[in-house]
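Each chain is listed here by its residues.
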Amino acid sequence: MANTAQSKKRARQSESRFAINKARRSRIRTFVRKVEEAIASGNAEAALAALRAAQPELDRGVTKGILHANTVSRKMSRLAARVKALATPAA
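What you are looking at is a predicted structure, and each value in this text was computed from that prediction instead of being measured.

**Q** Help me understand the overall build of the protein chain, please; the structure alone is not making it clear to me.
**A** Of regular secondary structure, the protein chain possesses three helices and zero strands. Walking the protein chain from its N terminus toward its C terminus, one meets helices and strands in the order α-α-α. In terms of overall dimensions, the protein chain is more spread out than a globule: its C-alpha atoms have a radius of gyration of 18 Å, far above the 12 Å expected for 91 residues. Seen along its three principal axes, the alpha-carbon backbone of the protein chain occupies a region of about 65 × 20 × 20 Å. Considering the protein chain as a whole, with its 91 residues, one finds that 22% of them fall into the buried category. A sequence separation of at least 24 residues applies to 60% of the contacts in the protein chain between residues at least 6 apart.

**Q** Can you help me understand the nonpolar core in this one?
**A** Generally speaking, a soluble globular protein has its nonpolar side chains buried in company with each other. Core analysis: the biggest nonpolar cluster contains 15 residues, and Val-35, Ile-39, Leu-51, Leu-58, Leu-79 and Val-83 have the highest contact counts within it. For this core, the elements supplying multiple residues, two or more each, are α1 (5-41), α2 (44-63) and α3 (69-87). Tallying contributions element by element places α1 first for this core, with six residues. Every residue in contact with Ile-39, bar those within four places of it in the chain, is listed here: Ala-47, Leu-79, Arg-82, Val-83 and Leu-86.

**Q** Any chance you could explain the side chain of Glu-57 here in plain terms?
**A** Secondary-structure assignment places Glu-57 in helix α2. You can call Glu-57 buried: its relative accessible area is 10%. At 3.0 Å, the side chain of Glu-57 and the side chain of Arg-60 are in polar contact. Apart from the residues lying within four places of it in its own chain, the contact partners of Glu-57 are Arg-27, Ile-28 and Phe-31.

**Q** Explain the packing of α2 against α3 here, please?
**A** Between two packed helices, both the angle of their axes relative to each other and the distance between the axes serve to describe the pair. As a packed pair, α2 and α3 sit with axes 10 Å apart at the nearest point and diverge in direction by 175°. The angle between α2 and α3 falls in the class roughly antiparallel. From α2, Ala-44, Ala-47, Leu-48, Leu-51, Gln-55, Leu-58, Asp-59 and Val-62 reach across to α3, where they touch Ala-69, Val-72, Met-76, Leu-79, Ala-80, Val-83, Leu-86 and Ala-87. Split by residue class, the contact of α2 with α3 holds 14 nonpolar, one polar and one charged.

Parameters at a glance
- Residues numbered from 1 in each chain as written.
- Predicted model: local features only at pLDDT ≥ 70, side-chain atom pairs only at ≥ 80, totals over all residues.
- Heavy atoms only, no water.
- Helix = DSSP H or I, 4+ residues; strand = E, 2+ residues; numbered from the N terminus.
- Rg over C-alpha atoms; globule rule 2.2 N^0.38 Å.
- Buried < 20%, exposed > 50% of the residue type's maximum accessible area, 1.4 Å probe, protein only.
- Contact = heavy atoms within 4.5 Å.
- Core = buried A, V, L, I, M, F, W, Y, C linked by side-chain atoms within 4.5 Å.
- Polar contact = N/O pair within 3.5 Å; in protein donor to acceptor, adjacent residues only side chain to side chain.
- Axes fitted to C-alpha atoms, helices over the stretch in contact; angles between N-to-C directions.
- Parallel < 35°, antiparallel > 145°, perpendicular 65-115°, else oblique.
- Nonpolar A, V, L, I, M, F, W, Y, C, P; charged D, E, K, R; others polar.

Structure (structure tokens):
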């Protein structure tokens, strides 16, 4: 339990940051899920649009310190590759 005024304030700040970060993480997951669903449906145009909407959200997660830069880079690369494969006709 927090005893000093400083530790009490830090505990309050930690709770509020946790709530904010949780909301941001949820928002990012929603955007990524929309890309996944568009890919699963086979709609290349919708998948591309969803990917373009998800990219700034993922980048914002990096700048806000919620996700690691390499994690976002890997996710974006894999999603983009899947959307690209969906857009090109199978040879």
